[in-house]
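Each chain, written out:
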Amino acid sequence: MTLTLTLTLILTPTPTLTLAPTLTLTSHLSPCTLTCCKAAVQQLIKMKQAEIFREPVDWEALGLTDYLTVIATPMDLGTIGARLDVPADSAGVTTASYASALEVAADLGLVWANAQLYNQEGSWVWKEAEKMKAAAEKRMAPLVAAAQARLDAAAAAAAAAAEQARLGAATA
């Protein structure tokens, strides 16, 4: 994760000086986190209940003409797996389509939320989505907690730097 703090000098007509901090977080999955996310998704894909979530809903073949009206962002386990399974470049660096485990967890959540939104509560699809959601949350919990902790630490560091800059400007 790269943390960049940019301080912009803002001059106003009155003799005050304002420093406006801007926080830019750039993040890529570490090789370890990428491996762990891939493993979690693969474990989910292998589950018996995952069968209907492994590929995109073929709404046309199923005659679900309102599917894209109800579901704004379709998502499935195969798509998540493909986004995680990016080959390394010539330097051996792998850049997955996800910036953090939080994004992977969000897409997993979207799979279950879509299934439960489109299908009636209590239906077998809804129930399978509920089981898969619990399994996904259990597998992703340590990765999500670590990613959130890194994000919180970066935000705290940026806030401290902004406060330091503000105090420095106040004494100038």
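Residues numbered from 1 in each chain as written. Predicted model: local features only at pLDDT ≥ 70, side-chain atom pairs only at ≥ 80, totals over all residues. Heavy atoms only, no water.

With 77% of its residues at a pLDDT of 70 or more, the protein chain shows a mean pLDDT of 83. Below a pLDDT of 50 lies the segment residues 1–20, which in the model reaches 43 contacts outside its immediate sequence neighbourhood of four places, other chains included. In the predicted structure, residues 22–26 sits below a pLDDT of 50 and forms 17 contacts with residues beyond four places in sequence or in another chain. (pLDDT = per-residue confidence, 0-100. Contact = heavy atoms within 4.5 Å.)

A word on the environment of Ala39. One can find Ala39 in helix α1 (residues 31–46). Remark: the alpha-carbon pair of Ala39 and Arg139, spanning 100 residues in sequence, is separated by 9.2 Å. (Helix = DSSP H or I, 4+ residues; strand = E, 2+ residues; numbered from the N terminus.)

Our next topic: the pattern of salt bridges. Under the counting rule described, the total for this entry stands at four salt bridges. As a salt-bridge pair, Arg166 and Glu163 come within 2.5 Å of each other at their nearest N and O atoms. Placement of the pair is Arg166 and Glu163 together in helix α5 (residues 124–171), with a separation of three residues, close to one helical turn. (Salt bridge = Lys/Arg side-chain N within 4 Å of Asp/Glu carboxyl O.)

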